[in-house]
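# Structure assessment
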Amino acid sequence: MKLLTHNFLSSRFLKNVATGYPLLLRVNEKELREVEFDQDFVQNIMPKVDYNCLVSTLMAIGEQGALPNELPENWRENEELLKELHRVLVKIEVIVGELECPESGRVFPIKDGIPNMLCQEDEC
């Protein structure tokens, strides 16, 4: 699971969960995958990304690297920053771990890079 995917996931489909975001991420195994840098992709996806969530997740898994705590206004023109955003959003792959709903504590496993967010009938 890419960190870009994590940034968009929530557990608001569960009963009694208002937002279910951001999901807490625990990583047991991760890989750095080779993905060709696509500046246009990064520039187009970043307005949709919750940057604060991304930074806090990166700190939690020890991968913040060179990202600043706040996204600078000139981020679109900063090629080094765009490359670092590309690295954290699409190159870091969580292979084994889990996601936890911040409201209910419900845990969703990640196996072979795929988060299993299926719930029992009585949970949703």
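Calculation notes
- Residues numbered from 1 in each chain as written.
- Predicted model: local features only at pLDDT ≥ 70, side-chain atom pairs only at ≥ 80, totals over all residues.
- Heavy atoms only, no water.
- UniProt positions renumbered as here; feature names shortened; annotations may be inferred.
- Helix = DSSP H or I, 4+ residues; strand = E, 2+ residues; numbered from the N terminus.
- Buried < 20%, exposed > 50% of the residue type's maximum accessible area, 1.4 Å probe, protein only.
- Contact = heavy atoms within 4.5 Å.
- Salt bridge = Lys/Arg side-chain N within 4 Å of Asp/Glu carboxyl O.
- Axes fitted to C-alpha atoms, helices over the stretch in contact; angles between N-to-C directions.
- Parallel < 35°, antiparallel > 145°, perpendicular 65-115°, else oblique.
- Nonpolar A, V, L, I, M, F, W, Y, C, P; charged D, E, K, R; others polar.

An unreviewed UniProt entry lists the chain under the name Multifunctional methyltransferase subunit TRM112-like protein, with Mesorhabditis belari as the source organism. In the Sequence similarities (unreviewed entry) part of its UniProt record, the chain is described as follows: "Belongs to the TRM112 family."

## A word on the side chain of T57
With respect to the secondary-structure elements, T57 resides in helix α3 (residues 51–60). On the accessibility criterion, T57 (9% relative accessible area) is buried. Residues contacting T57, with those up to four places away along its chain left out, are L3, H6 and L25.

## Describing the pattern of salt bridges
For the structure on display, the rule yields ten salt bridges. Here K2 and E93 are joined by a salt bridge, their closest N and O atoms 2.9 Å apart. Within this pair, whereas K2 is found in the segment before α1 (3–8), its partner E93 is found in strand β2 (residues 92–100), the two being separated by 91 residues in sequence. Judged by its relative accessible area of 9%, E93 is buried. One salt bridge in this structure joins R33 and E31, with 2.9 Å as the shortest N-O distance. E31 sits in the partly exposed class, given a relative accessible area of 35%. A network of salt bridges, in which partner residues are shared, links K30, E63, E84 and R87.

## Some details on the environment of L54
Topologically, L54 is positioned in helix α3. For L54, a relative accessible area of 2% gives the class buried. The sequence separation of L54 and Q64 amounts to ten residues, and the corresponding C-alpha distance is 8.9 Å. When neighbours within four sequence positions are excluded, L54 is seen to be in contact with N7, V49, L67, L85, V88 and L89.

## Brief notes about the packing of α3 against helix α4 (residues 79–91)
Any two packed helices are characterised by how steeply their axes cross, that is the angle between the axes, and by the distance between the axes. It is the contact of α3 with α4, at a shortest axis distance of 12 Å, that shows an interaxial angle of 75°. The angle between α3 and α4 places the two elements in the roughly perpendicular class. Contact residues: α3 offers Y51, L54 and L58, while α4 offers L85, V88 and L89. For the contact of α3 with α4, the per-class residue count stands at six nonpolar, no polar and no charged.

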